[in-house]
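Chain by chain, the residues run as shown.
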Amino acid sequence: MVVETVGLTKVYPGGGGCRDITLSVGEGEIFGLLGPNGAGKSTLVKILVGLVFPTGGHARVLGRPLGDLRAREKVGFLPENFRYHQWLTAEELLRFHGALAGMAPADLKRRIPRVLDLVRLTGVEKRKVGTFSKGMQQRLGLAVALLAGPQLLFLDEPTSALDPVGRREVRRLLLDLKREGVTVFLNSHLLSEVERVCDRVAVIKEGRLVAQGGLAELLDAGPEVEIEVDGIDEDLLAVLRPLVRDLRREGTALVARVARRQEVPLLARRIVESGRSLYALRPRRASLEDLFVELMEGDDTGAGEAVYYGPAESGRDPA
Amino acid sequence: MPAKLCTMARLSLAEIRHKKILAGAALLTLAFLALFGLGLHFLRGQGVLDRLAAVQLFTMGLFLAALLTAVLAVAVAAGAVAGEVETGTAHSLLARPISRPTFLLGKYLGYAAFMTLYAGLLFAGLWGLMAWQGGVFLRGIGEALGLFVLQPLILLGLAFLAGTVLSTLGAGVVVFLLYGVSLMGGMVEQMGALLERAGHAAGPTLVKLGIVASLILPVDALYRRAAFSLLEQTGNLWRGIGAMGPFGVASIPSRWMVLYAGLYLVMALWLAVRCFRTRDV
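J.: Describe the side chain of A:Asp156, naming the residues involved and giving the relevant values.
T.: Residues and elements named next belong to chain A. Within the secondary structure, Asp156 is located in strand β7 (residues 152-156). For the buried Asp156, which has no salt bridge, the nearest side chain bearing the opposite charge is Lys41, at an N-O separation of 6.7 Å. Polar contacts involving the side chain of Asp156 include one to the side chain of Ser42, which spans 2.8 Å. Within polar-contact distance, the side chain of Asp156 engages the side chain of Asn187 at 2.9 Å. Excluding anything up to four places from it in sequence, Asp156 contacts Ser42, Leu78, Pro79, Glu80 and Asn187.

Set out below in structure tokens:
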């Protein structure tokens, strides 16, 4: 695993932070961390890049403990608050970061034009950072993060200052990086962005992880299934109600909201056992927004176990 | 010197170069030196009164030069650490493969190099004007220069330490207040020494109070020792006249106080590193 956290906790003196975060990010995947503002996403990222010290739990980044300088040589980071020294030119800023990353002058000479081209900033190398628009500064931040050719990239809200075209370019860039084997830890509240590029996601609410898994599994798991069955009556509804969270009729079909994917076969079995003919049982693909809203509106305040979807690569049994 | 320490020091120097305060400080420093030179120019006579006034002007000039250096050191360094954290520029830097001590000490070295240059030039300006316009070649400049430069370096260390736990404004205010304590302590000590010579009972107590203030921040003691070093080696007349007045050296800080000042700087930097090593940014 490229990133592994076990019970990672940061409690600030005034409250806030994140609690008991256990997650893992595999090599070469794009991992999305979702959550509303103030949920603790940036705190988690800051812990992982060594800016904030945890108050509990432990974690490994690129197989090494938190804060390890050798691991940081292979890590790129775009902070949420992307502020750089305004009096430096773009090129000076990149040279300075390259020197801190331990890059040789020859490598820098080769990499600087390359990363500026990747973020569409070619031609402004000699301009002072202070003269850049916010969007340009965010692009420059991306160039800084990519400069040393990282194996692991932490991006905290990387498109918050970009226009739609810029956002699309960043998405394309992330997918290109993934093809090159770079692991990306994407912290974002833009659900469509996450949905389009991420392989796996984790959802954080009030500092606690409430869901984690492969994006496909999370979305395919329901929470709704459409049931085509003959003889829909009160007896059938009485059989099904204990198994589902919600049950309603839509035309000639029934739509059931299940708690988790594992309950779908049980639903089918009970229908068949009731003597009805089951013609179809189709999971309805929810959008990430549906899932997110459901998790945020749920009465789970984060005190319980997170829901894990997909293969048990997280090291946890499915709930 | 490790490469990353040098990189951070270079960044600090570049940072100072771009500070707007620098141009203003340079102009005001030139104005200060010009006034000092003019004052000496009109006191060039050989009369006792001329000599007396020239020595007083020199000690006052050295004192004000130390004050200017201290003000500049705190003004530029209060935000050196706290400012980087407050604005968020530290986020991308500290995520690089650079340790917190390297970050902090590298920055300190850059600021220290600048302040050494500034204090050195200012000291050289005073000395040069004394020779050119005052017609007096002050001796003992090696030790005095070292002590004069050590003052801003200590204030820088203290500003760095304060910046690891306080905001930019908070760090600046705390260090200025401590500097005020040091100055007041120094003046109380001088007054105590003069009273002690006159047989006044309060003299020894005032001297002790001054020493306690020097232990809190030994910057004023360094100024007194630097002034003493110059006046003592230049001649008895200079030493005698130089002992008078609030900027004079009636009570001479011991060499132990100089050693304490050196240890004070090391301690401040050590504590700054220790605080910054575990600080959330």
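J.: Can you explain the packing of helix α7 (residues 141-165) of chain B against helix α8 (residues 168-197) of chain B? Please cite residues and give values.
T.: If you want to describe how two helices pack, look at the angle between their axes and the distance between the axes. Residue and element names in this part refer to chain B. The N-to-C vectors of α7 and α8 enclose an angle of 140°; their axes lie 9 Å apart at closest approach. When the interaxial angle is binned, α7 and α8 end up oblique. Once α7 is placed against α8, the crossing between them reads as right-handed. Contacts between α7 and α8 involve Leu155, Leu158, Ala159, Ala162 and Gly163 from the first element and Ala171, Val175, Leu178 and Tyr179 from the second.

J.: Quick rundown of the pattern of salt bridges? Include the residues and the values.
T.: Taken as a whole, this structure holds 24 salt bridges over all chains when the rule is applied. The partner of A:Arg110 in a salt bridge is A:Asp107, and the shortest N-O contact between them spans 3.5 Å. Within this pair, A:Arg110 and its partner A:Asp107 are both found in helix α4 (residues 105-118), separated by three residues, close to a single helical turn. The exposure class assigned to A:Arg110 is exposed, which follows from its relative accessible area of 56%. A relative accessible area of 31% means that A:Asp107 is categorised as partly exposed. For B:Arg255, the salt bridge goes to B:Glu143, with nearest N and O atoms at 3.3 Å. Note that B:Arg255 is positioned in helix α12 (residues 255-277) and B:Glu143 in helix α7, a separation of 112 residues in sequence. Here the salt bridges do not stand alone but share partners, grouping A:Glu224, A:Asp246, A:Arg248, A:Glu250 and A:Arg257 into one network.

J.: Which residues make up the nonpolar core, and what are the values?
T.: Residues and elements named next belong to chain A. Judged by nonpolar contacts, the single largest core of 165 residues is most densely connected at Leu23, Phe154 and Phe185. Not counting chain neighbours up to four residues away, the residues in contact with Leu23 comprise Val3, Glu4, Thr5, Phe31, Leu44, Phe185, Ala202, Leu209 and Gln212. Counting 16 residues, the second-largest nonpolar core is a separate cluster that includes Val229, Leu247, Leu254 and Val264.

J.: How would you explain the sheet that holds strand β11 (residues 224-229) of chain A if you had to name every residue and give the values?
T.: All names here are of chain A. Taking strand neighbours across the sheet as the criterion, the four strands line up as β12-β13-β11-β14 in an open arrangement whose pairing is antiparallel. The open sheet is flanked by β12 (246-250) and β14 (278-284), the only strands paired with a single partner. The average undirected angle you get between the axes of adjacent strands in this sheet is 20°.

J.: Kindly report on the side chain of A:Arg111, identifying the contributing residues and their values.
T.: By the secondary structure assignment, A:Arg111 is in helix α4. Setting aside anything within four residues of it in sequence, one finds A:Arg111 in contact with A:Met103, A:Leu146, A:Leu147 and A:Gly149.

J.: Summarise the interface of chain A and chain B; cite the residues concerned and give the values.
T.: Contacts between chain A and chain B engage 30 residues on the former and 27 residues on the latter. Around 2500 Å² of area is buried between chain A and chain B when both sides are counted, 63% of it from carbon and sulfur atoms. Considering only the surface of chain A that becomes buried against chain B, A:Leu51, A:Trp87 and A:Leu100 emerge as the three largest contributors, covering 28% of it. The tally of links between chain A and chain B comes to one salt bridge. At the surface where chain A touches chain B, the tally comes to 13 residue pairs in polar contact (both at pLDDT 80 or more). Of all the elements in the fold, those that place two or more residues in the side of chain A that touches chain B are α1 (41-49), α2 (69-72), β6 (75-78), α3 (90-100) and α5 (134-146) of chain A. Per element, the largest residue contribution to the side of chain A that touches chain B is four residues, and it comes from α3(A).

J.: An account of the packing of aromatic side chains is needed here, citing residue identities and associated values.
T.: A ring pair, where both rings are aromatic, is described by two values, the distance of the centres and the angle of the planes. A complete count under the given rule lists nine aromatic pairs over all chains for this structure. Ring geometry for B:Tyr108 against B:Phe160: centres 5.5 Å apart, planes inclined by 85°, an arrangement best described as edge-to-face. With B:Tyr108 in helix α6 (residues 100-132) and B:Phe160 in helix α7, this pair connects stretches of sequence that are 52 residues apart. Considered together, B:Tyr108 and B:Phe160 belong to a single accessibility category, that of buried residues. Ring geometry for B:Phe123 versus B:Phe148: centroids 5.5 Å apart, planes at 50°, classification tilted. One end of the pair, B:Phe123, is in helix α6; the other, B:Phe148, is in helix α7, and 25 residues separate them in sequence. Exposure class is identical for B:Phe123 and B:Phe148. Each is buried. Site record: aromatic cluster; members linked through ring pairs are A:Phe31, A:Phe154 and A:Phe185. The ring centre of B:Phe276 lies 5.3 Å from the NZ or CZ of B:Arg100, which sits over that ring.

J.: Can you lay out the environment of B:Gly120 for me, pointing to particular residues and giving the numbers?
T.: Within the secondary structure layout, B:Gly120 lies in helix α6. Those residues in contact with B:Gly120 that sit more than four places away from it in its chain are B:Leu145 and B:Val149.

J.: Could you give an account of a nonpolar patch on the surface, naming the residues involved and the relevant values?
T.: On the surface, a nonpolar cluster with roughly 380 Å² of combined accessible area is contributed by B:Leu35, B:Leu38 and B:Phe42. Locating B:Phe42 in the fold gives a position in the loop between α2 (20-41) and α3 (48-77).

J.: I'd like a rundown of the sheet that holds strand β4 (residues 56-61) of chain A, residues and numbers included.
T.: Residue and element names in this part refer to chain A. Read across the open sheet, the four strands follow the order β2-β1-β4-β5; overall the sheet is antiparallel. A single partner strand is all that each edge strand has here, and the edge strands are β2 (17-25) and β5 (64-65). In this structure, β4 lies alongside β5, joined through two bridges in antiparallel fashion. In the strand pairing of β5, Val61 is matched with Arg64. This element, α1, spans β1 (3-11), β2 and β4 of the sheet and lies at about 120° to β1.

Here is what the cut-offs are and how they apply
- Along each chain, numbering runs from 1 in the same order as the chain's sequence is written.
- Here the convention is simple: chains get letters from A, ligands get numbers from 1, in the order in which they are written.
- Local features in a predicted model are, by the rule used here, given only for residues with pLDDT of at least 70; side-chain atom pairs are given and counted only at 80 or more, and totals for whole chains, interfaces and linings are based on all residues.
- Heavy atoms from the whole structure form the basis of all side-chain values; hydrogens and water molecules are not counted.
- Each helix is a run of H or I in the DSSP string that is no shorter than four residues. Each strand is a run of E no shorter than two, and both are numbered from the N terminus.
- The classification of residues rests on relative accessible area computed with a 1.4 Å probe and restricted to protein chains. Under 20% of the type maximum is buried, over 50% is exposed, and intermediate values are partly exposed.
- Lys and Arg are tallied as positive, Asp and Glu as negative. Neither His nor the chain termini are counted.
- Any Lys or Arg side-chain nitrogen found within 4 Å of a carboxyl oxygen on Asp or Glu counts as a salt bridge.
- Here a polar contact means two N or O atoms within 3.5 Å. Within protein one must be a hydrogen donor candidate and the other an acceptor candidate, and residues neighboring in sequence count only if both atoms are side-chain atoms.
- Throughout, a contact is declared for two residues whenever any of their heavy atoms are within 4.5 Å.
- The convention used is that axes are lines fitted to C-alpha atoms, helices contributing only their stretch in contact, and that angles between N-to-C directions extend from 0 to 180 degrees.
- What sets the label is the angle itself: under 35 degrees gives roughly parallel, over 145 gives roughly antiparallel, 65 to 115 gives roughly perpendicular, and the rest give oblique.
- Should the near helix be turned counterclockwise from the far one by less than a right angle, the crossing is left-handed, whereas a clockwise turn marks it as right-handed.
- We call a set of buried Ala, Val, Leu, Ile, Met, Phe, Trp, Tyr and Cys residues a nonpolar core when their side-chain atoms join them within 4.5 Å.
- Note: two strands are recorded as paired if DSSP finds a minimum of 2 bridges between them.
- When two parts are put together, the accessible area they lose, computed with a 1.4 Å probe and summed over both, is reported as buried area.
- Each Phe, Tyr or Trp ring, with Trp reduced to its six-membered ring, pairs with another whose centre is within 6.5 Å; inter-plane angles below 30 degrees give stacked pairs, above 60 give edge-to-face pairs, and intermediate values give tilted ones.
- In our convention, an over-ring charge means Lys NZ or Arg CZ found within 6 Å of a ring centre and within 35 degrees of that ring's normal.
- Two distance rules govern patches: like charges are joined within 9 Å, and nonpolar side chains (Val, Leu, Ile, Met, Phe, Trp, Tyr) within 5 Å, applied only to residues with over 30% relative accessible area and no salt bridge.
- Note on areas: Shrake-Rupley with a 1.4 Å probe; residue coverage comes only from the protein chains shown.

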